[in-house]
Amino acid sequence: PPFAPPPVGPLKEITFPEDKLLRRYYEKNPSSKDEVIDVFDDASKVPAAVFISKQLKLINTGIPEEEAYDIVEKETLQAALPETSVYTPDKDIDSMKEAFDNWVDAEVEFWHRQTKKS
């Protein structure tokens, strides 16, 4: 095959619509930059990717970028904090204590069985 010489001058940067949306997402959610991506798992499960995917779908239906961001942000917050979740300190503390007591009981039982085997 014929040899193609390398292009002369600087290469043109390739950008995707998602790039702009991702920059905006990271500006509003700086801690998201620290999300760990498991390369052996589906990277589309990363919250930033899920958010941008939903936003882009709305934009593609004709909704302006800012409005699409606000819609997805609202949906995300509602999904993370359902209306039925009400903090009740006494109930939450009691359930945590009960869970801890159950764990301690299970540990004690486990170690009793281990010592009987020896």
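Since the model is a prediction, treat every value here as computed from it, not as a measurement. (Residues numbered from 1 in each chain as written. Predicted model: local features only at pLDDT ≥ 70, side-chain atom pairs only at ≥ 80, totals over all residues. Heavy atoms only, no water.)

1. As for the packing of helix α1 (residues 17-28) against helix α2 (residues 47-60)
As a packed pair, α1 and α2 sit with axes 10 Å apart at the nearest point and diverge in direction by 125 degrees. Regarding the angle of α1 to α2, the classification is oblique. Crossing angle aside, the handedness with which α1 passes α2 is right-handed. Touching Pro17, Glu18, Leu21, Leu22, Tyr25 and Tyr26 of α1 are Pro47, Ala48, Phe51, Ile52, Gln55, Leu56 and Ile59, all from α2. In terms of residue class, the contact of α1 with α2 is made up of 11 nonpolar, one polar and one charged. (Axes fitted to C-alpha atoms, helices over the stretch in contact; angles between N-to-C directions. Helix = DSSP H or I, 4+ residues; strand = E, 2+ residues; numbered from the N terminus. Parallel < 35°, antiparallel > 145°, perpendicular 65-115°, else oblique. Left-handed = near helix turned anticlockwise from the far one by under 90°. Contact = heavy atoms within 4.5 Å. Nonpolar A, V, L, I, M, F, W, Y, C, P; charged D, E, K, R; others polar.)

2. Looking at the side chain of Arg24
Tracing the chain through its elements places Arg24 in helix α1. For Arg24, the contacting residues outside a window of four places in its chain are Glu66 and Tyr69.

3. Some details on α1
Here α1 is 12 residues long and its end C-alpha atoms lie 18 Å apart, about the 16 Å a rise of 1.5 Å per residue gives. Where α1 is concerned, the buried positions are Leu21, Arg24 and Tyr25. When α1 is viewed along its axis, its buried side chains cluster within an angular range of 100 degrees and face the same direction. Exposed side of α1, more than 90 degrees from the buried face: Arg23 and Glu27 are the residues found there. (Expected span 1.5 Å × (residues − 1). Buried < 20%, exposed > 50% of the residue type's maximum accessible area, 1.4 Å probe, protein only. Arc of directions from axis to C-beta.)

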